[in-house]
Amino acid sequence: MREGFFDMSRTAVRNLTMSALLAALTAVCAQIVVPLPFTPVFFSLAVLAVLLCGALLPPRWAAGAQLCYLLLGAAGLPVFGGFGAGPGVLAGPTGGYLLSYPLMALAAALLVRAGWKSFPRRAAACALALVPCHLLGAAWLSFSTGMTPQAAFLAGSAPFLLPDLLKATLSAYLSLRVERALSRP
């Protein structure tokens, strides 16, 4: 059956709906922040939503949902942490972390779709998806603030590694629960 612009399959409608919901969830979770006195990077639950997005959606949909989140924030909607908005936030110290969101979601989605579906493997997939976040985030923090790469890692990544691993584990658990709930008749 040939699909027209408005004639979408059930799977496409499901993916579109889930993408919109997960982009919105990222915006909501980004508002749950804890500023830390020793770093311009703050603790946020946005990473949990990004990893959940990757664990639940096919790769291009997962990356697209997070790209949509970034575009909404860049356009001026207050979806970034602390109700931040605009391109200045993306150019600021936390910009690298934000820009990594589509890559994180894509990495998690690719690994889950490659067969990492059990809870331990899904948690490992989400944990591995944190690599772009910490690499790109610390690199951009170093560039934007003039910190050495080591100082940027110590200020912007090291304090967040354990909490982010906990978020990866929680996102794996929640994604399995959501998938089970959606598969019920």
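Going by the structure above, here's the rest.
What counts, and where the lines are drawn
- Residues numbered from 1 in each chain as written.
- Predicted model: local features only at pLDDT ≥ 70, side-chain atom pairs only at ≥ 80, totals over all residues.
- Heavy atoms only, no water.
- Patch = residues over 30% accessible without salt bridge, like charges linked within 9 Å, V, L, I, M, F, W, Y side chains within 5 Å.
- Areas by Shrake-Rupley, 256 points an atom, 1.4 Å probe, with all protein chains shown as cover.
- Salt bridge = Lys/Arg side-chain N within 4 Å of Asp/Glu carboxyl O.
- Helix = DSSP H or I, 4+ residues; strand = E, 2+ residues; numbered from the N terminus.
- Expected span 1.5 Å × (residues − 1).
- Buried < 20%, exposed > 50% of the residue type's maximum accessible area, 1.4 Å probe, protein only.
- Contact = heavy atoms within 4.5 Å.
- Phe/Tyr/Trp six-rings, centres within 6.5 Å; stacked < 30°, edge-to-face > 60°.
- Axes fitted to C-alpha atoms, helices over the stretch in contact; angles between N-to-C directions.
- Parallel < 35°, antiparallel > 145°, perpendicular 65-115°, else oblique.
- Left-handed = near helix turned anticlockwise from the far one by under 90°.
- Nonpolar A, V, L, I, M, F, W, Y, C, P; charged D, E, K, R; others polar.

*Asks:* Where do I start with a nonpolar patch on the surface in this structure?
*Replies:* Among the surface-exposed residues, Met-8, Val-13 and Leu-16 lie close enough to one another that they form a single nonpolar patch of about 230 Å² accessible area. Within the element layout of this structure, Met-8 appears in the segment before helix 1 (10-29).

*Asks:* What is the right way to read helix 1 from this model?
*Replies:* Taking 1.5 Å as the rise per residue, helix 1 with 20 residues should run 28 Å; its terminal C-alpha atoms sit 28 Å apart, in good agreement. Within the span of helix 1, buried status applies to Ala-12, Asn-15, Met-18, Ser-19, Leu-22, Ala-23, Thr-26, Ala-27 and Cys-29. For helix 1, the elements touching its buried residues are strand 2 (43-44), helix 2 (46-56), helix 3 (59-74), helix 6 (101-113) and helix 10 (161-183).

*Asks:* Would you take a moment to explain the packing of aromatic side chains for this structure?
*Replies:* In this description, a pair of aromatic rings is defined by centroid distance and the angle of the planes. If you walk through the whole model with that rule in mind, you get 3 aromatic pairs. Relative to Tyr-101, the ring of Tyr-69 lies with its centre 6.0 Å away and its plane at 20 degrees, an arrangement referred to as stacked. Placement of the pair is Tyr-69 in helix 3 and Tyr-101 in helix 6, with a sequence separation of 32 residues. We note that Tyr-69, like Tyr-101, is buried. Plain terms: the ring middles of Trp-140 and Phe-143 are 5.0 Å apart, the flat faces sit at 40 degrees to each other, and that makes the pair tilted. Of this pair, Trp-140 and Phe-143 are both found in helix 8 (residues 130-145), 3 residues apart, which corresponds to roughly one turn of the helix.

*Asks:* Honestly, the packing of helix 2 against helix 10 in this entry has me stumped. Any pointers?
*Replies:* Packed helices, taken two at a time, are described by the angle their axes make and the gap between the axes. Where helix 2 meets helix 10, the closest approach of the two axes is 8 Å, and the angle between their N-to-C directions is 40 degrees. With respect to each other, helix 2 and helix 10 are oriented oblique. Regarding helix 2 and helix 10, the two cross each other, and that crossing is right-handed. Residues Val-47, Leu-48, Leu-51, Leu-52, Ala-55 and Leu-56 of helix 2 lie in contact with helix 10, whose contacting residues are Asp-164, Lys-167, Ala-168, Leu-170, Ser-171, Leu-174, Ser-175, Val-178 and Glu-179. For the contact of helix 2 with helix 10, the residue count by class is 10 nonpolar, 2 polar and 3 charged.

*Asks:* It is not clear to me how the packing of helix 1 against helix 2 should be interpreted in this structure. Could you clarify?
*Replies:* At a minimum axis distance of 7 Å, the contact between helix 1 and helix 2 shows a crossing angle of 165 degrees. With respect to their mutual orientation, helix 1 and helix 2 come out roughly antiparallel. Pair helix 1 / helix 2 crosses with right-handed handedness. Counted together, Arg-14, Met-18, Leu-22, Leu-25, Thr-26 and Cys-29 of helix 1 and Ala-46, Ala-49, Val-50, Leu-52, Cys-53 and Leu-56 of helix 2 form the full contact between these two elements. Counted by class, the contact of helix 1 with helix 2 contains 10 nonpolar, 1 polar and 1 charged residues.

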